[in-house]
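An overview of the molecular structure
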Amino acid sequence: MKNKLVAAAMLGLIAVSAGTSVSAADVTLVLAEENAEDSLSGKVANYFKEQVNELTDGAVDIDIQCSKVLGSETEILDGMLAQAGTVDIERITTSRLTNYSCPKTASLGLPYLFESRDHFWAVAESELKDEIFDEISTLGVTGLSFYEEGFRSFFFKDAVTDVADIAGKKIRVADDPIMRGIVEGLGGSPTVISSGELYTSLQSGVVDGAEQPLSPYELNAFYEVAPNVILDEHTLGNAVYIISDLAKSKLTDEQFAAVQEAAQKAQEFNKEQSAQTDEDCMKSLADKGAVFTEVEDKTPYKEAVADVVAAGAKEATYAEIGEQCGRIIIMVPSGAISKSILFDEDGVASTIKEGTVVCDMSSVTPVESKECYEGLKDKGVGFVDAPVSG
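Note that this is a predicted model, so its numbers are computed, not measured.

1. Remarks on the sheet that holds strand E12 (residues 382-385)
The strand order across the open sheet formed by three strands is E10-E11-E12, and the pairing between neighbours is parallel. Strands at the two margins of the open sheet, each flanked by one partner only, are strand E10 (327-330) and E12. Strand after strand, the sheet turns through a mean of 15 degrees between neighbouring axes, direction not considered. For strand E11 (residues 357-360) and E12, the ladder comprises four bridges, and the chain directions are parallel. When the bridges of E12 are listed, Val357 appears paired with Gly382. Packed onto the sheet, helix H16 (residues 366-377) meets E11 and E12 and runs at close to 165 degrees relative to E12.

In structure tokens form, the structure reads like this:
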């Protein structure tokens, strides 16, 4: 009798275990995050993952890939726009969208635009949100939520106490037209370097300084090689989370609504965490030897970058793209449109520089591809036919 009771109990336990087992997710979406997992943005991404899991009962999983393992922000965006399917969701800095015909979105990265975090969130949660998301949607992605990581300030190897001290200094920037304009306006020399190379570049003197929010400044230990921080707070670091149209097609309407809700919850989590993160960083960095210089009057800084603000983030013409860009990617529906972009009177080829490379990811015929190649060859320009379809 005892053996029968034990057997029955074991069968019951097995049945309960089987009934509560966690099944694999129906859909897995890859989220690319530029920063480390223990950064503020990494924590927000993980919170988003948890909310998606809860709201979909585990049917949708978020696979977070941190620390640029899948590429830089713009490399990832290019892949998403090509519907490559490698990355489904990305957090992209708004100013990086200057070169993607999204002037309203990119304008959120203009210098001295926001007086406080509350000011930023008042804008991000106003009717302008819909206008920005509508603008982004023209690229083939959908905006999910906003993100902010605090004000960005400059830091240097040597002491810098006012705007005059910045003149002539080599300052690392991302490949971002707005940030390059800010550094030039302040009299510095903008130098594009990968964030992964910044520590050694500061250490060896390739650059004199850089700029970041306080959290990544501390996480990357830049205080060890550039301990002098001038709190000019030239921009509020902000970004948008976007999802590709291809990723949306994998989801049911209910699942996509859950992803949107999770993104809004993550946005609220970000708002709660960001200010406290900055406060904690200030205390911790001071203990580690960082020296902070407050900027009581930002007027000289604002005057120095007035041209950047006046220009805003505007859509470039094809001729301007040819003149300013060394690598050009074209993704349009047909070869006829590609040829028009390149060879019309005010097209890209009218101003293109020798040594530029054009990569056409459109659906072009072999004849059209050869015509593009021949038309650019005489200008010393390379042409690569790389259709998305393969």
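Structure's up, so let's keep going.
2. Examining empty space enclosed by the protein
Under the definition given, this model contains three cavities of 30 Å³ or more. In this structure, the largest cavity occupies an estimated 160 Å³ of space. The wall of the largest cavity is formed by 17 residues, among which Thr93, Ser95, Arg152, Asp176 and Thr235 lie closest to the centre. Contributing elements (two or more residues each) for the lining of the largest cavity: strand E5 (170-173), helix H7 (177-185) and strand E8 (228-244). Here the lining of the largest cavity gets four residues from one element, more than from any other, and that element is E8. Residues that form the lining of the largest cavity fall into these classes: five nonpolar, seven polar and five charged. Estimates place the volume of the second largest cavity at around 40 Å³. Taken together, Asn35, Ser39, Leu40, Ser41, Tyr147, Glu149, Ser215, Pro216 and Leu219 form the lining of the second largest cavity. Listing elements by their share of the lining of the second largest cavity, those giving two or more residues are helix H2 (40-55), strand E4 (141-156) and helix H9 (214-219). It is H9 that contributes the most residues to the lining of the second largest cavity, three residues altogether. For the lining of the second largest cavity, a count of residues per class yields four nonpolar, four polar and one charged.

3. A short note on the confidence of the model for the protein chain
The share of residues in the protein chain with pLDDT of 70 or more is 92%, and the mean pLDDT across the chain is 90. This model gives residues 1-22 a pLDDT under 50, and the stretch forms zero contacts once residues within four places in sequence are excluded.

4. Let's talk about the side chain of Ser201
Relative to the helices and strands, Ser201 resides in helix H8 (residues 198-204). By relative accessible area, Ser201 is classed as buried at 7%. Leaving out residues up to four positions away in the same chain, Ser201 has contacts with Ile193, Val206 and Val207.

5. Let's talk about the side chain of Thr235
Mapping Thr235 onto the fold places it in strand E8. For Thr235, a relative accessible area of 8% gives the class buried. Those residues in contact with Thr235 that sit more than four places away from it in its chain are Gly109, Leu110, Pro111, Gly150, Phe151, Arg152 and Ile182.

6. Focus: the environment of Asn228
Position of Asn228 relative to the elements: it lies in strand E8. Taking the C-alpha atoms as reference, Asn228 lies 45 Å from Phe256; in sequence the two are 28 residues apart. Once residues within four sequence positions are removed from consideration, Asn228 is found in contact with Phe154, Phe155, Phe156, Lys157, Asp158, Ala159, Tyr217 and Val291. Engagement of the side chain of Asn228 in a polar contact is seen with the backbone oxygen of Lys157, the distance being 2.9 Å. Within the structure, the side chain of Asn228 is placed 3.4 Å from the backbone oxygen of Asp158, a separation counted as a polar contact.

Rules of the game
Residues numbered from 1 in each chain as written. Predicted model: local features only at pLDDT ≥ 70, side-chain atom pairs only at ≥ 80, totals over all residues. Heavy atoms only, no water. Pairing = 2+ DSSP bridges. Helix = DSSP H or I, 4+ residues; strand = E, 2+ residues; numbered from the N terminus. Axes fitted to C-alpha atoms, helices over the stretch in contact; angles between N-to-C directions. Contact = heavy atoms within 4.5 Å. 1 Å grid on protein atoms, 1.4 Å probe; cavity = no way out; pocket = protein on both sides within 12 Å on 5 of 7 lines; lining within 4 Å. Points joined across faces, edges and corners; volume = space filled by probe spheres on them. Nonpolar A, V, L, I, M, F, W, Y, C, P; charged D, E, K, R; others polar. pLDDT = per-residue confidence, 0-100. Buried < 20%, exposed > 50% of the residue type's maximum accessible area, 1.4 Å probe, protein only. Polar contact = N/O pair within 3.5 Å; in protein donor to acceptor, adjacent residues only side chain to side chain.

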